[in-house]
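# Notes for the structure review
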Amino acid sequence: MTVELRVLEPGRWDRWYGELERAFGGAEESPEERSLWHDLTECERSLAAWDDDELVGTTGAFSFRLSVPGGSLVPTAGVTCVGVRSTHRRRGVLTAMMRRQLDDVRRWGEPLAVLTASEPPIYGRFGYGLATERLRMEIDSARVRLTAPTGTDEIRLRLVPPRAGIAACEAVYARRVAGRPGMLARQPGWERLPLLDPPSERRGAGEVGCVLAERNGEVVGFARFAVKSDWDEAGPKGSVLVRDVEALDPAGYAALWRHLFEVDLTSTVIASNRPADDPLLHLVSDVRRCRLRVRDGMFVRLVDVGAALAARTYAAPVDVVLEVEDAFCPWNEGRWRLSGDQKGATCERTTDSADMALSVRELACGYLGGFGLTALAGAGRIRELRPGALTEAATAFGHPVAPWLPHGF
Ligand SMILES: CC(=O)SCCNC(=O)CCNC(=O)[C@H](O)C(C)(C)COP(=O)(O)OP(=O)(O)OC[C@H]1O[C@@H](n2cnc3c(N)ncnc32)[C@H](O)[C@@H]1OP(=O)(O)O
């Protein structure tokens, strides 16, 4: 079998996307979803794998800007649409696509690549490491009470059609991005993503609604959610399915959640993707009845170790030499001196002796500040070569806000 990789020709998008749908089990997406992904696909950054005249593999890379500790927005490839035809699996097609894609990303000058995985074991071999978590909550809203910070009662809530509220929501969202590593600055066209609500995907819930939180006429937060009705002999037991909640201050945040908890005829609030440090956990009266579950979120790949590590800031002064192993992208291999603090950092090649040895995957896990280097060392994945270097680096890599990706792509 000889498979050739070619850049996606725009006229072949339907076939390419159809192949991807087939790799994911064959269910065709709604016209609304298809049209969105069609318009967002950057064909010149997408690859098709051809076996003669059969299209057998797909992948793409969105041009994102990723928020990193310190608030910089770093050019990042958003790896997506990965699929290989069932007749061609386990013969290296994905490996060939990943090889070509990471070479391309490097050539484009983007220090990072990110993805969410259909299955976590797939991407470690290509140097991706798990960098964010997502928290799922299934809250017994009939019993759990919320405290209200000062000012909550001054917030006015206004229910609007999501389309009518989108500009205000996006303005709030844009102000949240730099403060939380892992969030993506919205690229043009992506404001359509939160409006996606095809009836075929609602699974019994109503259409998505939007509530704006306002103080003195200024929008300070928003929530989008749907309601799923359910009844039994004891009466109503519906659920509120939370899509997004973002706010610029604690009072706006609490007011939005209070609204979600008090939707008539419901007794459960389900939020399937919240940050690990969601302030909501400190507003509720009974955290156990929030039934928390943690899942893997976003995987990160340092395509250019020097540029990536220099792009973020560090919570404490750090000056360490890292011996980096990177079999898939050997240009990263070797010793790097990382020097930085809360203001900025440099990361340069060095011949000095190493303080710590680790692979590019461990750097990826710690990059956004979500996973501690000490835990990785405890798992034997980082070796400390100079006493004290691990604590110094682990403290510096930490970040006070948990990294989080609010949506898929
Ligand atoms: C970012 C995203 O889009 S995530 C979406 C990923 N796509 C899907 O899940 C759709 C369904 N699955 C598929 O299309 C394919 O099975 C893929 C893309 C996951 C793998 O494609 P393949 O061409 O079979 O992968 P390839 O042959 O290059 O395998 C490389 C290695 O990964 C391993 N691997 C591949 N898929 C998996 C998996 N699902 N779980 C664990 N290991 C895997 C292979 O065993 C192989 O290991 P080896 O190097 O030790 O031999």
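Everything quoted here is computed from the prediction, not taken from an experiment.

### A closer look at the overall build of the protein
- Along the backbone of the protein there are nine helices and 21 strands.
- Relative to the globule expectation of 22 Å for 409 residues, the C-alpha radius of gyration of the protein, 23 Å, shows essentially globular dimensions.
- Each of the 409 residues in the protein was classed as buried or not, and the buried ones make up 39%.

### Comments concerning helix α9 (residues 389–397)
- By the criterion of burial, α9 is predominantly enclosed, with seven of the nine residues buried.
- Buried within α9 we find Ala389, Leu390, Glu392, Ala393, Ala394, Ala396 and Phe397.
- Looking at the packing, one finds that the buried side of α9 touches β17 (318–325), β18 (334–340), β20 (356–359), α7 (360–367), α8 (373–378) and β21 (382–384).

### A few points about the sheet that holds β20
- Read from one edge to the other, the open sheet built from five strands follows the order β19-β18-β17-β20-β21, with strand pairing classed as mixed. Both edges of this open sheet fall to β19 (345–349) and β21, since each of them pairs with a single strand only. Taken over all neighbouring pairs, the strand axes of this sheet differ in orientation by 25° on average, direction set aside.
- In this sheet, β20 lies alongside β17 in parallel orientation, the contact comprising four bridges. Its bridge partner being in β20, leucine 322 is matched across the sheet by methionine 356.
- On the sheet, α7 packs against β17, β20 and β21 and is oriented at approximately 90° with respect to β20.
- Contacting β17, β18, β20 and β21, α9 runs over the sheet at an angle of about 100° to β17.

### A look at the sheet that holds strand β4 (residues 73–84)
- Taken together, the seven strands give an open sheet; going across it, the order is β1-β2-β3-β4-β5-β16-β6, and neighbouring strands pair in mixed fashion. Looking along the sheet, the strands with just one partner apiece sit at the ends: β1 (4–7) and β6 (129–130).
- Together, β6 and β16 (299–302) form the strand contacts of α7, whose direction differs from that of β16 by roughly 125°.

### Description of the domain arrangement of the protein
- In terms of domain boundaries, the protein breaks down into domain 1 (4–110), domain 2 (135–295) and domain 3 (304–397).
- For domain 2 versus domain 3, the separation of C-alpha centres amounts to 37 Å.

### Structural notes on the confidence of the model for the protein
- Put simply, the protein has an average pLDDT of 97, and 100% of its residues get 70 or more.
- The ipTM value of the predicted complex is 0.98, and its pTM value is 0.97.

### Comments concerning the UniProt feature "active site" (unreviewed entry) in the protein
- This chain's UniProt record puts "active site" (unreviewed entry) on Tyr123 and Phe409.
- Mapped onto the secondary structure, tyrosine 123 falls in the loop between β5 (112–115) and β6.
- The residues contacting tyrosine 123, other than those within four sequence positions of it, are Leu115, Ala117, Tyr128 and Phe299.
- By the secondary structure assignment, phenylalanine 409 is in the segment after α9.
- Judged by the 19 C-beta atoms lying within 10 Å of it, phenylalanine 409 is partly exposed.
- Residues in contact with phenylalanine 409, not counting those within four places in the same chain, are Phe62, Gly78 and Thr80.

### A few points about the site of the ligand
- Lining the immediate environment of the ligand, one finds 22 residues, of which Val82, Arg89, Leu94, Thr95 and Ser118 sit closest.
- The element best represented in the shell around the ligand is β4, accounting for six residues.
- Looking at the shell around the ligand residue by residue, the class counts come to twelve nonpolar, five polar and five charged.

### So, the pairing of β18
- Across seven bridges, β17 lies against β18 in antiparallel orientation. Bridge assignment links glutamate 323 to a residue of β18, and that residue is arginine 335.
- Two strands pair when backbone bridges link them, and β18 and β19 are joined in this way by five bridges, in the antiparallel orientation. What sits directly across from glycine 340, in β19, is alanine 345.
- Hairpin geometry of β18 and β19 is characterised by an intervening segment of four residues between the two adjacent antiparallel strands.

### Some points on the UniProt feature "binding site: acetyl-CoA" (unreviewed entry) in the protein
- Here, the residues flagged by UniProt with the feature "binding site: acetyl-CoA" (unreviewed entry) are Val82, Gly83, Val84, Arg90, Arg91, Gly92, Val93, Leu94, Thr95, Ser118 and Glu119.
- One can find threonine 95 in helix α3 (residues 93–107).
- For glutamate 119, a count of 7 C-beta atoms within 10 Å puts it in the exposed group.

Reading the values: the criteria
Residues numbered from 1 in each chain as written. Predicted model: local features only at pLDDT ≥ 70, side-chain atom pairs only at ≥ 80, totals over all residues. Helix = DSSP H or I, 4+ residues; strand = E, 2+ residues; numbered from the N terminus. Rg over C-alpha atoms; globule rule 2.2 N^0.38 Å. Buried ≥ 20, exposed ≤ 12 C-beta atoms within 10 Å, placed from the backbone. Contact = placed C-beta atoms within 7 Å. Pairing = 2+ DSSP bridges. Axes fitted to C-alpha atoms, helices over the stretch in contact; angles between N-to-C directions. Domains from an automatic or database assignment. pLDDT = per-residue confidence, 0-100. UniProt positions renumbered as here; feature names shortened; annotations may be inferred. Near = placed C-beta within 6 Å. Nonpolar A, V, L, I, M, F, W, Y, C, P; charged D, E, K, R; others polar.

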